[in-house]
Amino acid sequence: MSLVWPASEAAIVTNQPRLHALVVGVADYPHLNGGAGPLALDPLGLSQISTPRHTAPAIAGWLLGAYNNPACPLGSVELLVSPAAQLTLPKAGTRPVESATRARVKASFNRWQARCTTRSDNIAFFYFCGHGLEKSAQFLLPEDFGDPATPNRWENCIDFDGMRTGMRSCAADTQLFFVDACRETPFGVLAQLNVTGDPLITATVTDSVNCSAAYYATTQTRQAYGPDNGVTYFAQAVLSCLNGVAGLNKQGRWIVDTFSLGGAIGQVMTQLARRYRLPLTCNPNVSGMGVIHEAASPRVFAAVGCTSDAANNAAEIVLSKGPVVIRSAPGQVKPIVQEVDAGNWSIDVRFPGGQFPAQPPQQYMLMPPVFEGVPVP
Amino acid sequence: MPIVVVHGVNTRNTEPGYKARLALITSLLGTHLAGATVNGKAVIDTQPDFPYWGDFAASFAWDMASLPTGQIDSLGGGVDADLRPLVAVIHDALGDLQSAQAQPLLTLARKSLPQSVAVLSDALIQSASDHDADRVAAFVASAQAYAEANPNPAWVATVTTDPQFLNRLVTEITGPAPSGFVQPLGAGGSIINALSSAAAKLKNAVTSAANAALDRTGDFASTKFLAWERRPLNGILGRFFGDVFVYLDTRGDRVNPGQILQVIMNAIRQAAARKPGEPLIVIAHSLGGVICFDLLSFYCPDVAVDLFVTVGSQVSQFEEIKRFKTSDPAIPSARRPRAAAPGNIRHWVNVFDEVDIFAYACDKVFDRVIDFRYDTRTYTIKAHGAYLEQDRFYSRLRARIDQLP
Amino acid sequence: MSSDLTITFAPDMPAATVEVVAPDFQVVGRVMLAGGRSKVVQVPSEATFLRVLMPFGETVTLQDPGNLSRTISKETLSSKLTSRRPGYAEQLESDESSQDRSSLFDLNRYHALRARSLPDIPAGSENTLPLSTFGHARLLSGQTPLPGTSVSRSREAHWRIAGGPLQPPLVLRIERPQEAACEIRIPADADHVWARADRLRDHDGIAFSVRLSTTEPAADTILGYLQRGDLYSAEAMTEWIAESEELLLYKKADPYAAAVGAYLLLRLKRFANLRDWPKNLADRFEFLPDGCVIWAWQLIQQRSADTAQIRNYLIKATERGLPVYAEGLRLLIEGLRLLGKDTATALAGLTDRAGVVVWDSPLTTTIHVAANHAPTADRQPIVYDVAFSARS
């Protein structure tokens, strides 16, 4: 069963505003390179990956354990992960999670959409992590993409842009989409005419949605990345932002909304790109303002380094606030990129070798989302 | 270090794939020559120099319009000139094109994986732009090594399309990804894109040619394909004569050596000076071998070369017609049956493929040279250029080097 | 106990959004300011500080507790901007060979720095300009190339444009021999366009970065905020639109800047502010597809029953060519999709013409593959980085 929480369909609250989630992570692709099943007629250079099997549970886990929106609490979580596995999640306990074949994704989608459409003050939450392609639209690939037994090989892929447009026909007025997949066009797709996927749902001109926010892990022609056997960088950025980096103080509460999330993820990804030396980007497409989550406290993604490589190599940088001290010795990777509490921090840049003039420690106000500094030397 | 690779005829640095070929040679030298010992000195730095003398070579006022073309081109239709020899190879290997037009590379691979890899590598190198050179070279080197080790792998029978074949080949060659590194959620920058495109072009070429030949009789069509193989051969012959005449005309004397000699001489002298503790190795292809022999015997006899490798070269031919500066018309004689290899060359290995019409054996003409037959296992006109782009050539060469006294 | 805080921008400051932040990080005001202007904001405490969201992406925090009259100039900001340090620009300028490598971050800073001090570049004379060894660029008005200048050791091309905004959009073509060509639509109200090619340090990619500025810097700033997903800052700029829209549409006649303003209002659903300007934009300026797209979408968002009019304007947009702004292309595709089978042919034609689209660029950026295309064997795809280099 793809519903991981609550325990049964009957237990789902539909007469009050709720956030209903559909989270899909595909790491195993039997018909692509290195897969266990019959090879696709054109595998497009795609092979097995591992980060989605960690990313999807991490997102589902956050929703179940940390999501906090008093006006719209968590209502349900559909989760599909390939390969199928036994997972332990907050609130849901240990349970088997099914794999994300196209048929299951479609069925899950239909159930999810039906729950979302019960009330206009519901929030629809969709997260996909796995292989992605782009031609005229963004395509998301479920587990059985490329099955040589399917005559039309594009039948087994999801037309995400079509789906997002189609979701206008869903009554939920706040819709959040996270696309954690590449948007490349391999030669096999470029050379192909008539690339169409299944949008899963359609809408007409008379349908509308108040707030539709899509956050793409990358931009056209680029790749999304994740560390082997870890959560993708995009997911790390999303979770960081939800947990306070994208927080705005609204009457003493730290609110993450669609506007603040869009601005923050992009800035966090830029800093992660510097830290991991990868071409990470995020492409937010937000229309309409909707409140997502209330974070416990404000957090800041601090990126602290000097203004030249030479100074970075020679510098010892120390950030401190109260008992918390973060240090980076000369020669260690700079800028220091770390998520910290917001507030007043002391930043001390020293050059033990004397290569640059000494500076006294300075106080800096670190406010969400990102702090980039320092103008030294 | 001192490895200097001197090119032969027909080499122009404006040709597509020039950089990729150099990158391939560099990669293969690195793989096979590192750690070899010559004259008690170890080879450590395998980064070669490639003195380029193509600009001083023959130029053709009418751009070789004198080559007869006749009806050869009419069969061409939509087939790119660069691809014709490859299409001809496929035709030769399989006997006809119709059966191969759906999946040409796979059909060829079912017969012989090394042949399919050779055709694929050629197509890839030809279309490699300068900044791709290293990647393409690395892939070609690994692909050749894989095909050498697995000439008929079982998996070839399980794939049914060219894209499947290519994807599987890449997976087999690159192996499983090492853990702990960053993975992209997409095609991952694999060489697949370039391969797919080269394969698609080849498939179009094969299909065009196959369909064009359909309304002609079998014999006629195969003669035309032979012509496709021959035309580049005529081209090489023309350039060969041209370059020989230009060289002989312009080589000058010791006081004023010609430009071709100067370029090569400077490269060799600089290489010699750079790492005195490592052996100086000069690898010279085709006419480059002839020029280097002249250079080392007459123009700079002071430069000590630890290992001289002539590849597909005509050194003995030139000596037979006594065209070297140091050629002695009194040799051969009863007392001296062979000409002397220059004293400043410590070891000399001469490599030739019997299929290569431009390559000559040396050990009947010179003393102190080791002849080494090498089978490029490829078609006639390709043989002359193939040696230095084959993984097997370098592994065999290394084996010879290891046996040197 | 609240007080009045006066914020003034010195005359040399560009238009930008300023956040007024209380010590507990609550944003008590978000205002747009431009050179020479002042605003008064009620603040809860004298320890309130300011955050200036610079158009090129850097945010500067200005703390001056006790001072209730703050003047912000380029000078007050420069000591705080990390990007002002010449390190980046000098590095890029002094690179000897095209093989020297940068990162996207450094390139962004370089462009920001260069925008700040607009160098005196002589008028151009070349039609096809090299972008290092990686390709070449042409700026076309219809079929006619506009002359430009090659700078930075042939790595960068610059054009100064003087045609005026009442013209069809220009197209910047970046060609990589034997590979793909990239076309970027350029609004005709642009006055400077730069295009540059660099090798990336990590993962060996090539970055083509394009920057442009127009005669309406406030519009450039809005697009910058939208590109970075900073909708709050963009929202603060609607004040500029209220002042300028009429001017742009009628008196100064800059339909491009007018379109930018209209796009923002559309996204924020400020239909009262939009009025029927988009219809005028669509009807009066036939070389601009964007007006048709905006008007059709205003009708859609306002739940108009006039499906025929919506359809007509969307089809009209497709007939006029690709929209200049990426937002327009996105809306056009979505609109045609919503109209279902009725417009399926038009949609297919549009996506065919568009080819591969670079969505994170604010301007419609499409990649076209040549017939003799031999795709790169590079691990790292080519990066096209397009943005507005609002003068700052």
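Rules used in this analysis
Residues numbered from 1 in each chain as written. Chains lettered and ligands numbered in written order. Predicted model: local features only at pLDDT ≥ 70, side-chain atom pairs only at ≥ 80, totals over all residues. Heavy atoms only, no water. Helix = DSSP H or I, 4+ residues; strand = E, 2+ residues; numbered from the N terminus. Buried < 20%, exposed > 50% of the residue type's maximum accessible area, 1.4 Å probe, protein only. Contact = heavy atoms within 4.5 Å. Areas by Shrake-Rupley, 256 points an atom, 1.4 Å probe, with all protein chains shown as cover. Lys, Arg positive; Asp, Glu negative; His and termini not counted. Charge placed at Lys NZ, Arg CZ, Asp CG, Glu CD. Buried area = accessible area lost by both parts, 1.4 Å probe. Salt bridge = Lys/Arg side-chain N within 4 Å of Asp/Glu carboxyl O. Polar contact = N/O pair within 3.5 Å; in protein donor to acceptor, adjacent residues only side chain to side chain. Nonpolar A, V, L, I, M, F, W, Y, C, P; charged D, E, K, R; others polar. Phe/Tyr/Trp six-rings, centres within 6.5 Å; stacked < 30°, edge-to-face > 60°. Lys NZ or Arg CZ within 6 Å of the ring centre and 35° of its normal. Pairing = 2+ DSSP bridges. Axes fitted to C-alpha atoms, helices over the stretch in contact; angles between N-to-C directions. Left-handed = near helix turned anticlockwise from the far one by under 90°. pLDDT = per-residue confidence, 0-100. Parallel < 35°, antiparallel > 145°, perpendicular 65-115°, else oblique.

A. Summary view of the overall build of chain C. When you go through chain C residue by residue, the secondary structure sums to 13 helices and 20 strands. By the burial criterion, 63% of the 392 residues in chain C qualify as buried. Long-range contacts, defined here as pairs at least 24 residues apart, represent 66% of the contacts in chain C between residues at least 6 apart. Summing over all exposed atoms, chain C offers an accessible surface of approximately 14000 Å²; the carbon and sulfur share of this is 49%.

B. Region of the structure containing the overall build of chain A. Tallying secondary structure elements over chain A gives 7 helices and 23 strands in all. Expressed as a percentage of its 377 residues, the buried residues of chain A come to 65%. Within chain A, contacts between residues separated by at least 24 positions form 73% of all contacts whose residues are at least 6 apart in sequence. Total accessible area on chain A is roughly 12000 Å²; 51% of this is exposed by carbon and sulfur atoms. Side chains of chain A give 26 positive and 27 negative charges; the mean places of these two sets differ by 5 Å.

C. How the structure looks around the interface of chain C and chain A. Each partner contributes to the interface: chain C provides 58 residues, whereas chain A provides 65 residues. Taken over both partners, the interface formed by chain C and chain A buries close to 4900 Å², and the fraction arising from carbon and sulfur atoms is 56%. Residues A:R168 and C:E334 are paired through a salt bridge, measuring 3.9 Å at the closest nitrogen-oxygen approach. Our count for the contact surface shared by chain C and chain A stands at 9 residue pairs in polar contact (both at pLDDT 80 or more). Take the side of chain C that touches chain A: its biggest share by element is 4 residues, from helix 12 (residues 326–338) of chain C. Residues belonging to the side of chain C that touches chain A are distributed by class as follows: 27 nonpolar, 11 polar and 20 charged.

D. Looking closely at the packing of aromatic side chains. As enumerated under the stated definition, the model contains 36 aromatic pairs over all chains in all. Here the aromatic rings of A:Y233 and A:Y276 are separated by 4.7 Å at their centres, their planes lie at 40°, and the arrangement is tilted. Placement of the pair is A:Y233 in helix 5 (residues 233–245) and A:Y276 in helix 6 (residues 258–276), with a sequence separation of 43 residues. Residue A:Y233 is classed as buried on the basis of its relative accessible area, which comes to 3%. On the basis of relative accessible area, A:Y276 is assigned to the partly exposed category, the value being 35%. An aromatic cluster is defined as three or more aromatic residues linked by ring pairs; in this entry it consists of A:F109, A:W112, A:F126, A:F160, A:F177 and A:Y216. Sitting over the ring of A:Y276, A:R275 keeps its end group 4.9 Å from the ring centre. The residue whose ring lies beneath B:R400 is B:F372, and the NZ or CZ to ring-centre distance is 4.5 Å.

E. Expanded view of the sheet that holds strand 20 (residues 336–341) of chain A. Residue and element names in this part refer to chain A. If you trace the 3 strands from one edge of the open sheet to the other, you get 20-17-23, paired in mixed fashion. The two strands at the open ends of the sheet, each matched to only one other strand, are strand 20 and strand 23 (370–373). Here the average twist between neighbouring strands, direction ignored, is 20°. Of the pairings in the sheet, the one linking strand 17 (residues 299–304) to strand 23 comprises 4 bridges and is parallel in character. Along strand 23, the bridge assignment pairs A303 with E372. Sheet contacts for helix 5: strand 17 and strand 20; angle to strand 17, the most-contacted strand, approximately 120°.

F. Quick look at the pattern of salt bridges. All names here are of chain B. One pass over the full model with this rule turns up 43 salt bridges over all chains. With its nearest N and O atoms 3.0 Å apart, the salt bridge here joins D49 to R274. Pair noted here: D49 is in the loop between strand 3 (41–42) and helix 2 (84–94) and R274 is in helix 9 (residues 259–274), with a separation of 225 residues, a long-range link. The exposure class assigned to D49 is partly exposed, which follows from its relative accessible area of 22%.

G. Layout of the packing of helix 1 (residues 18–33) of chain B against helix 13 (residues 391–403) of chain B. All names here are of chain B. Following both chains from N to C, one finds helix 1 and helix 13 inclined at 35°, their axes separated by 9 Å at the closest point. Here the hand of the crossing between helix 1 and helix 13 comes out right-handed. Residue-level inspection shows I25, L28, L29, H32 and L33 of helix 1 in contact with helix 13, the latter providing D391, Y394, S395, R398 and I401. The residue makeup of the contact of helix 1 with helix 13, split by class, is 6 nonpolar, 2 polar and 2 charged.

H. Structural view of the sheet that holds strand 22 (residues 362–366) of chain A. Residue and element names in this part refer to chain A. Ordered by their spatial adjacency, 4 strands build an open sheet running 19-18-21-22, and the pairing between neighbours is antiparallel. Two strands close off the open sheet at either side, each with one partner strand: strand 19 (324–328) and strand 22. Taking each pair of neighbouring strands and ignoring which way they run, the sheet shows an average axis angle of 25°. Inspection of the sheet shows strand 18 (residues 316–321) paired to strand 19 by 5 bridges, in the antiparallel sense. Note on strand 19: the bridge partner recorded for K321 is V324.

I. Spotlight on the confidence of the model for chain C. With 87% of its residues at a pLDDT of 70 or more, chain C has an overall mean of 84. Confidence estimates for the predicted assembly give a pTM of 0.84 and an ipTM of 0.88.

J. Fine view of the packing of helix 4 (residues 113–126) of chain B against helix 6 (residues 162–174) of chain B. Residue and element names in this part refer to chain B. Between helix 4 and helix 6, the least distance of the axes is 13 Å, while the angle of their chain directions is 100°. By the criterion of interaxial angle, the relationship of helix 4 to helix 6 is roughly perpendicular. Residues L113, S116, V117 and L120 of helix 4 touch helix 6, and the partners they reach there are F165, L166 and L169. When grouped by side-chain class, the residues that make up the contact of helix 4 with helix 6 number 6 nonpolar, 1 polar and no charged.

K. Focus on the side chain of A:D42. Considering the arrangement of structural elements, one finds A:D42 in the loop between strand 2 (19–26) and helix 1 (51–65). For A:D42, the side chain forms a polar contact with the main-chain nitrogen of A:L44, separated by 3.0 Å. If near-sequence neighbours (up to four positions away) are discounted, A:D42 is found in contact with A:R153, A:G188, B:P163 and B:N167.

L. Representation of the environment of A:M167 within the structure. Residues and elements named next belong to chain A. Structurally, the position occupied by M167 is in the loop between helix 3 (160–166) and strand 10 (174–180). C-alpha of M167 to C-alpha of L200: the two residues are 33 residues apart in sequence and 9.2 Å apart in space. For M167, the residues in contact, after removing those within four places along its chain, are F109, W112, Q113, A124, Q175, F177 and I201.

M. Here's a closer look at the environment of A:N344. Residues and elements named next belong to chain A. Locating N344 in the fold gives a position in strand 21 (residues 343–350). Relative accessible area serves as the criterion here: at 41%, N344 is assigned to the partly exposed category. In this structure, the C-alpha to C-alpha distance between N344 and G322, residues 22 residues apart in sequence, is 9.5 Å. With residues up to four places along the chain from it excluded, the contact list for N344 reads K321, Q363, Y364 and M365.

N. Layout of the side chain of A:E316. Residues and elements named next belong to chain A. Mapped onto the elements of the fold, E316 is located in strand 18. Assessed through its relative accessible area of 15%, E316 is described here as buried. A distance of 3.2 Å separates the side chain of E316 from the side chain of R327, its partner in a polar contact. Excluding its chain neighbours within four sequence positions, the residues that come into contact with E316 are R327, S328, A329, P330, D348, V349, R350 and P352.

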